[in-house]
Amino acid sequence: MRRFLRHPVRLVPFGFLVTIAIGTGLLMLPWATSEHRYTPLVTALFTATSAVSVTGMAVTDTPNYWNGFGLVMITVLTQVGGLGILTGAALVSLAVTRQLGLRNRLLVQAETAEYGSADLRRLLMRIAGTVLGCELVMTAVVTARLRLAYDYPPGRALWSGTFHSIQAFNNGGFTLYTDGLVGFARDPWVALPLAFGGIVGGLGFPALFEAFRRRRRPARWAVATKLTIWGSVVLVAVGFVGLLAAEWDNPFTIGTYDTPGKLLATFTQVALSRTGGFDVIGVAALREESYPLLVALMFIGGGSASTAGGIKVSTFFLLGFVIWAELRGEPDVTVGRRRIAVASQRQALTVALLSVALVTVGTLGLTVLTTDVRANETLFEVTSAFSTAGLTVGLTQHLPASGQLVLTVLMYIGRIGPLTLGSAIALNTRHRLYRYPKEQPVVG
């Protein structure tokens, strides 16, 4: 117990477990469903985990299965999960800073604009203010559009705008429509606010705050901020071009849209595919060549210390620089005019390999439980669960309880794993007073 109290960051995973348990209990109650019946344990557990981990995967028809109380609970769990993730990430950052020596601590603060432990309250208030401010702006735009263009009653328009804005910024994926957001795929006043909300929420507060603070001098951004922001731009651009080319003439997705509609729907889907989880163009109807692209986007995910999942953009591109330096025979890995620490390279490799292993094991496990399902569909669902993206090809609802439990575990690990691993590495770093003789084994 003393070890936990000494490092409160380690309590974060238990906090999420408690929240999931409470959410599961409330969603099991008969007044949470439309038919006022008790919800099976696995269904309630899956839904609560999906909401708290801001994944958005569902084993039920969300708008028809849950009533107002159930949908409010899902919304609250998503908001608590999103704020909890950001708060936990802030604690990790502060814990890392405190573990550094004075000289390195000053360098970190100057380079990344990190706060000291005395500024914890101000940091958390700033995070909460950013989240709620963005959600209010999205809610106002979407609500006005639903009221004026779709003739929604005021209460319904406000509820739908609030629900989807919270889901978008927290990179959830639950919707109030059975077909997702397909009905709004060509409406820029609905699609774009949700898309940009998902992008901003997926950047992470360190990159977001520093980019805003140094918005006129992007050349002085920290390496992590550069990798996150410019890496996100590259991923969205590549994903947009790839998905647009693959689905251009697909009559079941965007093939019947006009050119502006195709561009808007594709951009929105790509922006929300990385972690948002909203179905904009009909994921189940995508062509085979589109699945690997979305799997890659989901696996990479968003920015560090954000509501997004995946291995994180900075991890992916940092490994790219490591490979490039190795191919060129460079003694150091450099990004811009900064040399990347060996410890950061090892951490990135560890996160990537462990994530690949978890997705592989999850895919094999789900394949054993569902022998009549195509491999690409199984891989898609597992990657979506682990990366907390929330997209689905329709397989999740038809899985047996054991398969749904596999995805439940993956959602929790995918959300808590990177946070726990990051804090464990930061808090358990040791410096040996000796080094063994070096040997260079043959590789390849």
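If you're wondering where the values come from, they're calculated on a predicted model, not measured in any experiment. Within each chain, residue numbers correspond to sequence positions counted from 1 in written order. The predicted origin of the model limits local features to residues at a pLDDT of at least 70 and limits the giving and counting of side-chain atom pairs to 80 or more, whereas totals for whole chains, interfaces and linings rest on all residues. The side-chain numbers reported here are obtained from all heavy atoms of the structure, hydrogens and water having been left aside.

Chemist: Account for the pattern of salt bridges, naming residues and giving values.
Modeler: One side chain can pair with another of opposite charge once the charged atoms of both are near each other. By definition here, a salt bridge exists when the distance from a side-chain nitrogen of Lys or Arg to a carboxyl oxygen of Asp or Glu is within 4 Å. Under the defined criterion, the tally for this structure stands at eight salt bridges. The partner of R214 in a salt bridge is E210, with the nearest N and O atoms 3.2 Å apart. For D249, the salt bridge is made with R287, and the minimal N-O distance between the two is 2.6 Å. Taken together, the positions of D249 in the loop between α11 (223–247) and α12 (259–273) and R287 in the loop between α12 and α13 (290–300) put the pair 38 residues apart, joining distant regions of the chain. Linked by salt bridges that have partners in common, E288, R374 and E377 make up one network. A run of H or I in DSSP becomes a helix once it reaches four residues, and a run of E becomes a strand once it reaches two; helices and strands are each numbered from the N terminus.

Chemist: With reference to specific residues and values, describe a nonpolar patch on the surface.
Modeler: Patches here: salt-bridge-free residues with over 30% relative accessible area, like charges joined within 9 Å, nonpolar side chains (Val, Leu, Ile, Met, Phe, Trp, Tyr) joined within 5 Å. Throughout, the Shrake-Rupley method with a 1.4 Å probe supplies accessible areas, and for residues the shown protein chains are the sole cover considered. A cluster of nonpolar residues, V72, V76, V80 and W159, forms a patch on the protein surface that exposes about 300 Å² of accessible area. Tracing the sequence through the fold places V72 in helix α5 (residues 68–99). Exposure remark for V72: the relative accessible area of 40% places this residue in the partly exposed category. Only protein chains enter the accessibility calculation, which uses a 1.4 Å probe; a residue whose area is less than 20% of its type maximum is buried, one above 50% is exposed, and one in between is partly exposed.

Chemist: Please give an account of the confidence of the model for the protein chain that cites residues and values.
Modeler: Of all residues in the protein chain, 85% have pLDDT values of 70 or greater, and the mean over the chain is 85. Across residues 99–118, where pLDDT falls below 50, the model places 34 contacts with residues more than four positions away in sequence or in other chains. Values of pLDDT, which run from 0 to 100, indicate the predictor's confidence residue by residue. Between two residues, a contact is recorded if the distance between any of their heavy atoms is within 4.5 Å.

Chemist: Please set out the UniProt feature "transmembrane region" (unreviewed entry) in the protein chain residue by residue, giving values where relevant.
Modeler: The UniProt entry lists residues 12–31, 71–96, 123–144, 189–209, 221–246, 294–327, 348–369 and 405–427 under the feature "transmembrane region" (unreviewed entry), expressed in the numbering used here. Between the end C-alpha atoms of residues 221–246 there is a gap of 35 Å, over a span that is 92% helix and 0% strand. Taken end to end, residues 348–369 is 100% helix and 0% strand, and its two terminal C-alpha atoms sit 32 Å from one another. UniProt positions are given in the numbering used here, feature names are shortened, and annotations may be inferred rather than shown by experiment.

Chemist: Tell me what's going on with the nonpolar core, and back it up with residues and numbers.
Modeler: Note on terminology: a nonpolar core comprises buried Ala, Val, Leu, Ile, Met, Phe, Trp, Tyr and Cys residues joined through side-chain atoms within 4.5 Å. Formed by 87 residues in total, the largest nonpolar core has its most connected members in L27, F380 and L407. Here this core gets seven residues from one element, more than from any other, and that element is α13. Sequence-distant contacts of F380, defined by excluding residues within four places in its chain, comprise V283, Y291, L294, V295, M298, L391, T392 and V393. Residues I127, V131, F169 and F209 belong to the second largest nonpolar core, which totals seven residues.

Chemist: Would you mind going over the packing of helix α10 (residues 205–213) against α11 in detail, with residue names and values included?
Modeler: Lines fitted to C-alpha atoms define the axes, with helix axes restricted to the stretch in contact, and inter-axis angles between N-to-C directions lie between 0 and 180 degrees. Between α10 and α11, whose axes approach to 9 Å, the crossing angle comes to 95°. What the angle tells us is that α10 and α11 run roughly perpendicular. Where α10 abuts α11, its residues P206, A207, E210 and A211 lie against T225, T228 and I229. Any residue that is not Ala, Val, Leu, Ile, Met, Phe, Trp, Tyr, Cys, Pro, Asp, Glu, Lys or Arg is counted as polar, Gly included; the first ten are nonpolar and the last four charged. Of the residues assigned to the contact of α10 with α11, the class counts are four nonpolar, two polar and one charged. If an angle is under 35 degrees, it is roughly parallel; if it is over 145, roughly antiparallel; if it lies from 65 to 115, roughly perpendicular; otherwise it is oblique.

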